[in-house]
Amino acid sequence: GYVVESVPLALWIARDAATLGILGVLERALRAGGDVDTIASLAGQVAGATLTRERLPDALLRRIDEIEAIAATVRAFADFVQGGSMGSPPHAKRQ
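This one's a predicted model, so the numbers in the text were calculated from it and none came from an experiment.

Caption draft 1: How the structure looks around the overall build of the chain. What the chain contains, in helices and strands, is 5 helices and 0 strands. Along the chain, helices and strands appear, N-terminal first, in the series α-α-α-α-α. The 95 residues of the chain split such that 23% are buried. Sequence-distant contacts in the chain: of pairs separated by 6 or more residues, those separated by 24 or more amount to 43%. Carbon together with sulfur atoms contributes 57% to the accessible area of the chain, which is approximately 7000 Å² in total.

Rendered as structure tokens:
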């Protein structure tokens, strides 16, 4: 895709995440035309981060393989950013 067009459009679409919800954001991104896979991916990521996990549909979250491991990694990263330690990734094998 062409980043100069895709990124601003994705951000413009994601700005309405609070009123549209994640599905509305994705629908709007797909209807925009152009490089829709890139635009929907970017808009979905920004909207998902804005909405937080609690406001995402459970039906969508259940479709993500290893969602709990991903959530644990996100929590560890958030702790790290706030001055903590990331430690070992939750899925790392201990020796």
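Back to the write-up after that little detour.
Caption draft 2: Structural context of the packing of helix H1 (residues 3-14) against helix H3 (residues 36-51). Interaxial distance between H1 and H3 falls to 8 Å at its minimum, and their mutual angle equals 45°. What the angle tells us is that H1 and H3 run oblique. Judged by the twist between their axes, the crossing of H1 over H3 is right-handed. Each of Ser6, Val7, Leu9, Ala10, Leu11, Ile13 and Ala14 in H1 lies in contact with H3, whose residues at this interface are Thr38, Ile39, Leu42, Ala43, Val46 and Ala47. Considered class by class, the residues forming the contact of H1 with H3 number 11 nonpolar, 2 polar and no charged.

Caption draft 3: Looking closely at the pattern of salt bridges. Inspection of the entire model under this criterion finds 4 salt bridges. Residues Asp16 and Arg28 are paired through a salt bridge, measuring 2.8 Å at the closest nitrogen-oxygen approach. Separated by 12 residues along the polypeptide, Asp16 in the loop between H1 and helix H2 (17-31) and Arg28 in helix H2 bring together distant segments of the chain. On the accessibility criterion, Arg28 (32% relative accessible area) is partly exposed. Among the salt bridges present, the one from Arg31 reaches Glu27, with a minimum N-O distance of 2.9 Å. In this pair, Arg31 and Glu27 are both assigned in helix H2, 4 residues apart and thus about one turn of the helix distant.

What counts as what
- The residue numbering used here restarts from 1 in each chain and proceeds along that chain's sequence as written.
- Given that the model is predicted, a residue must reach a pLDDT of at least 70 before its local features are reported, and side-chain atom pairs must reach 80 or more before they are shown or counted; all residues, however, enter totals for whole chains, interfaces and linings.
- No hydrogens and no water enter the side-chain calculation; it runs on all heavy atoms of the structure.
- Strands here are runs of E lasting at least two residues and helices are runs of H or I lasting at least four, both read from the DSSP assignment and numbered beginning at the N terminus.
- Throughout this description, buried means an accessible area under 20% of the type-specific maximum (1.4 Å probe, protein chains only), exposed means over 50%, and partly exposed covers the range between.
- By definition, residues are in contact when any of their heavy atoms lie within 4.5 Å.
- Accessible surface area values rest on a Shrake-Rupley calculation with a 1.4 Å probe, where residue burial reflects the displayed protein chains alone.
- Geometry is summarised by axes, namely lines fitted to C-alpha atoms with helices restricted to the contacting stretch, and by angles between N-to-C directions that run from 0 to 180 degrees.
- Should an angle lie under 35 degrees it is considered roughly parallel, over 145 roughly antiparallel, and from 65 to 115 roughly perpendicular; all remaining angles are considered oblique.
- The hand of a helix crossing depends on one turn: near helix anticlockwise from the far one by less than a right angle means left-handed, and clockwise means right-handed.
- Only Asp, Glu, Lys and Arg are considered charged, only Ala, Val, Leu, Ile, Met, Phe, Trp, Tyr, Cys and Pro nonpolar, and every remaining residue, Gly among them, polar.
- Think of a salt bridge as a Lys or Arg side-chain nitrogen and an Asp or Glu carboxyl oxygen that are within 4 Å of each other.

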